[in-house]
Amino acid sequence: MALLTDGVINYPSETSKIQKATTLSMVCPGAGQVYNGSFWKTPIFVGGMVTMGYIIDWNNRGYQRFKLAYDLVTDGDDATVDEFNGRYDESFLQNLKNQYRRNRDLSIIGMVGVYLLNIMDAHIDAHMQDYDISDDLTMNISPVTTTIGTTGLGAQNTLGVGLSFTF
């Protein structure tokens, strides 16, 4: 990962600043924000990734724990005892197992969402750095005369309002 990041930043190529920021964010979440100079965004994305990783691990450990207990209760052998010593029946253990698995899977989707948001933010921020907002943004309203109709009866002049925008 370090070699790829070094190659993106230091070696001359035809890639634009936008491509570099997007690639850096794909390689390492938060690196595109650092490259763009938005240092304050980096802890938000890194913290989001770490938090989602912790939530995934927490739910996976709960899933594995209740899956093992459910498997021991439903194996049909009275000699095997789960860690709860038979306090919970198999339907309760199955519900807990399914709940932890669902939460784990939703957390994985959440982590992918934070990762994609990180990439989109770096890409858009790189685009917006070159966006020019100058004082030469104007709108002019002026009267306009136009000629209507070119039939054999002759043309008619009309009066109207013209708008012109300067960006």
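Residues numbered from 1 in each chain as written. Predicted model: local features only at pLDDT ≥ 70, side-chain atom pairs only at ≥ 80, totals over all residues. Heavy atoms only, no water.

K.L.:
Got a minute to help me understand the overall build of the chain in this structure?
P.N.:
What the chain contains, in helices and strands, is five helices and two strands. Order of helices (α) and strands (β) in the chain, N terminus to C terminus: α-α-α-α-α-β-β. Taking all 167 residues of the chain together, the buried fraction comes to 26%. Partitioning the intrachain contacts of the chain with sequence separation of at least 6 by distance along the chain shows that 52% fall at a separation of at least 24. (Helix = DSSP H or I, 4+ residues; strand = E, 2+ residues; numbered from the N terminus. Buried < 20%, exposed > 50% of the residue type's maximum accessible area, 1.4 Å probe, protein only. Contact = heavy atoms within 4.5 Å.)

K.L.:
Which parts of the structure should I look at to understand the pattern of salt bridges?
P.N.:
Proximity of charged atoms lets side chains of opposite charge pair with each other. All told, the structure shown has five salt bridges when counted by the stated rule. When the shortest N-O distance is used, the salt bridge between E83 and R65 registers 2.9 Å. Pair noted here: E83 is in the loop between α4 (42-73) and α5 (90-129) and R65 is in helix α4, with a separation of 18 residues, a long-range link. Overall, the relative accessible area of 45% leaves E83 in the partly exposed class. (Salt bridge = Lys/Arg side-chain N within 4 Å of Asp/Glu carboxyl O.)

K.L.:
Any chance you could explain α4 here in plain terms?
P.N.:
Each α-helix turn comprises 3.6 residues. Residues three or four places apart therefore point the same way. With 32 residues, α4 extends 47 Å from end C-alpha to end C-alpha; this agrees with the ideal 46 Å at 1.5 Å per step. Within α4, burial applies to T42, F45, G48, M49, M52, I56, N59, G62, Y63, F66, A69 and Y70. Next to the buried residues of α4 lie α3 (31-36) and α5. (Expected span 1.5 Å × (residues − 1).)

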